[in-house]
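# Examining the three-dimensional arrangement
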Amino acid sequence: MSNELEKQLEEIKQKCQTCTKCGLCKTRTNTVFSGGTANNKLMLIGEAPGYYEDQQGIPFVGKAGQLLDKILGCVGLTREKDIYICNTIKCRPPNNRDPLLEEKLACREYLDAQIEILKPRIILLCGKVAVNSMLNTTQGITKLRGKWFEGPNYCKMMPIFHPSYLLRNDSREKGSPKWLMWQDIKEVKKVYDMLE
Ligand code: URA
């Protein structure tokens, strides 16, 4: 990534760190802007920071995050080299409740800026909050997961299950959420490998 783009991302991050556009600024410990590596190939958008993310200022570092790393690792993808990770909203909602519409709207400018600066070729929409924010549909994630949709700058977007959903569903049998995730991540890697 060029120095200029890195500078632009850093500017947005600084702005986000002092943001007071919604009530979550009063209860956050840290804003959680991004993790992984800034690149123009692969971005993942999750829901919102949880307890550990709020404490550390890094996305997906709790149990769900550890599972996410494991899933990515199964196809050879790592945070350090391959993927930029962010969330629909950048501050933790109290008790991990779903983000409110006003919070999503207030925070949208940061997500839009991340997408515009990086122009990722693939965006993974991890869980229903990210799906609802990026796709104009009322369909549930079970119907949408594993399918490709056109996203900003003609990128490819795929809804995938949230790892916290997989943590609640232990089966690995054919057709189970874990099995479906495995199919989806293999498909993502196939398309990723075709990018120049
Ligand atoms: N769940 C999310 O959606 N994002 C995080 O950063 C952590 C847990």
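Use the structure listed above.
Keep in mind the model is a prediction, meaning the values are calculated, not measured.

## A look at the overall build of the protein chain
Along the protein chain, the regular secondary structure elements total eight helices and six strands. Along the chain direction, N to C, the helices and strands of the protein chain fall in the order α-β-β-α-α-β-α-β-α-α-β-β-α-α. Against the 2.2 N^0.38 benchmark of 16 Å for 196 residues, the protein chain shows a C-alpha radius of gyration of 16 Å, consistent with a compact globule. Seen through its principal axes, the protein chain has C-alpha atoms that stretch 45 × 40 × 30 Å. If you take every contact in the protein chain between residues at least 6 apart in sequence, the share linking residues at least 24 apart comes to 72%.

## So, the site of the ligand
Neighbouring the ligand are the residues Gly 46, Glu 47, Ala 48, Glu 53, Pro 59, Phe 60, Asn 87 and His 162. A distance of 2.8 Å separates an oxygen atom of the ligand from a polar side-chain atom of His 162. In isolation the ligand offers 230 Å² of accessible surface; the protein chains occlude 91% of this area. In terms of residue class, the shell around the ligand is built from three nonpolar, three polar and two charged.

## Observations regarding the state of the cysteines
Working definition: the covalent bond between the sulfur atoms of two cysteines is a disulfide. Inspection of the entire model under this criterion finds zero disulfides. Of the cysteine sulfurs around Cys 25, a residue in no disulfide, the closest is that of Cys 22, at 6.4 Å. Between Cys 155, a cysteine without a disulfide, and Cys 86, which holds the nearest cysteine sulfur, the sulfur-to-sulfur distance is 12 Å.

## Some remarks on the environment of Asp 82
Following the sequence through the fold, Asp 82 ends up in the loop between helix H3 (63-74) and strand S3 (84-87). Under the relative-accessibility criterion, Asp 82 is labelled buried at 8%. Distance in space between the C-alpha atoms of Asp 82 and Thr 20 is 32 Å, their sequence separation being 62 residues. Not counting chain neighbours up to four residues away, the residues in contact with Asp 82 comprise Thr 37, Asn 39, Leu 42, Gly 76, Leu 77 and Tyr 192.

So, how was this worked out
- Residues numbered from 1 in each chain as written.
- Predicted model: local features only at pLDDT ≥ 70, side-chain atom pairs only at ≥ 80, totals over all residues.
- Heavy atoms only, no water.
- Helix = DSSP H or I, 4+ residues; strand = E, 2+ residues; numbered from the N terminus.
- Rg over C-alpha atoms; globule rule 2.2 N^0.38 Å.
- Contact = heavy atoms within 4.5 Å.
- Near = heavy atom within 4 Å.
- Polar contact = N/O pair within 3.5 Å; in protein donor to acceptor, adjacent residues only side chain to side chain.
- Areas by Shrake-Rupley, 256 points an atom, 1.4 Å probe, with all protein chains shown as cover.
- Nonpolar A, V, L, I, M, F, W, Y, C, P; charged D, E, K, R; others polar.
- Disulfide = S-S within 2.5 Å.
- Buried < 20%, exposed > 50% of the residue type's maximum accessible area, 1.4 Å probe, protein only.

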